[in-house]
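Here is what each chain is made of, one letter per residue.
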Amino acid sequence: LAERGYIIECETEIPDAHILIDEAYFRRVTDNLFSNITKYADVERPIRLSMALCEDILSITCSNIVKKNTDKPESNGIGLKTCVKIMEEMGGGLTYFEENDAFTVKIDIHCEKK
């Protein structure tokens, strides 16, 4: 994303934890989310990324401002719905919402503390 001109603001340090995921499926989730950012996010506004470790759950939150133009591609949200199912199959979760021109995705991953 940085190579495409996006500013990434990581609001917390990366917690030290061993995540319990299927790497290939998680890559599909992150690829879809980053693809959505390049389609819909305002490149002039930062992408905010935060992480928190609570008990055995690592929560990753990513938020961006939706660009304002009429040329943005139409979407039916199938990619995000697939990401929700993938995360649920791995025992985690994915939620998303749009509010006041900000789009936010939260991913919960089971982990083991180091």
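Before reading on, note that the structure itself is shown above.
Quick caveat: nothing in here was measured; it's all calculated off a predicted structure.

Participant: Describe the overall build of the protein chain, and please don't skip the residues or the numbers.
Facilitator: When helices and strands are tallied, the protein chain shows two helices and six strands. When the helices and strands of the protein chain are placed in sequence order, the string is β-β-α-β-β-α-β-β. Against the 2.2 N^0.38 benchmark of 13 Å for 114 residues, the protein chain shows a C-alpha radius of gyration of 14 Å, consistent with a compact globule. Its C-alpha atoms give the protein chain principal-axis dimensions of about 45 × 30 × 25 Å.

Participant: Go over the nonpolar core with me, naming the residues and quoting the values.
Facilitator: Of all hydrophobic cores here, the largest spans 20 residues; its most connected members are Val29, Leu33, Met87, Leu94 and Ile107. If you list the elements that add at least two residues to this core, you get α1 (23–40), β4 (57–65), α2 (78–89) and β6 (102–113). Core analysis: the next-biggest nonpolar cluster, separate from the first, contains five residues, Ile37, Ala41, Ile47 and Cys62 among them.

Participant: Help me get a handle on the packing of aromatic side chains, residues and values and all.
Facilitator: Taken as a whole, this structure holds one aromatic pair when the rule is applied. Ring geometry for Tyr96 versus Phe103: centroids 6.1 Å apart, planes at 35°, classification tilted. Residue classification places Tyr96 among the partly exposed positions, given a relative accessible area of 33%. For Phe103, a relative accessible area of 16% translates into the label buried.

Participant: With reference to specific residues and values, describe α1.
Facilitator: Helix length check: α1, at 18 residues, gives a terminal C-alpha distance of 25 Å against a target of 26 Å (1.5 Å per residue), a fit within 8%. Residue Asp22 occupies the N-cap position of α1, its side-chain oxygen lying 3.1 Å from the main-chain nitrogen of Ala24.

Participant: Describe in detail unusual backbone geometry, supporting the description with residues and values.
Facilitator: Positive phi values are uncommon outside glycine, yet Glu55 reaches one of about 60°. Turning to its location among the elements, Glu55 is positioned in the loop between β3 (47–54) and β4.

Participant: Requested: an account of the side chain of Thr104, with residues and values cited.
Facilitator: Mapped onto the fold, Thr104 is located in strand β6. Among the polar contacts listed, one links the side chain of Thr104 to the side chain of Ser63, at a separation of 3.1 Å. Among residues more than four places away in sequence, those in contact with Thr104 are Thr61, Cys62, Ser63, Thr95, Tyr96 and Phe97.

Participant: I'd like a description of the pattern of salt bridges, backed by residues and values.
Facilitator: Counted according to the given criterion, the structure contains five salt bridges. Between Arg48 and Glu9 there is a salt bridge, and its shortest N-O distance comes to 2.2 Å. Linking Arg48 in strand β3 with Glu9 in strand β1 (residues 8–10), this pair joins segments that are 39 residues apart in sequence. Look at Glu9 and you get partly exposed, because its relative accessible area is 32%.

Scoring rules and cut-offs
Residues numbered from 1 in each chain as written. Predicted model: local features only at pLDDT ≥ 70, side-chain atom pairs only at ≥ 80, totals over all residues. Heavy atoms only, no water. Helix = DSSP H or I, 4+ residues; strand = E, 2+ residues; numbered from the N terminus. Rg over C-alpha atoms; globule rule 2.2 N^0.38 Å. Core = buried A, V, L, I, M, F, W, Y, C linked by side-chain atoms within 4.5 Å. Buried < 20%, exposed > 50% of the residue type's maximum accessible area, 1.4 Å probe, protein only. Phe/Tyr/Trp six-rings, centres within 6.5 Å; stacked < 30°, edge-to-face > 60°. Expected span 1.5 Å × (residues − 1). Polar contact = N/O pair within 3.5 Å; in protein donor to acceptor, adjacent residues only side chain to side chain. Contact = heavy atoms within 4.5 Å. Salt bridge = Lys/Arg side-chain N within 4 Å of Asp/Glu carboxyl O.

None of this, on its own, says anything about what the molecule does.
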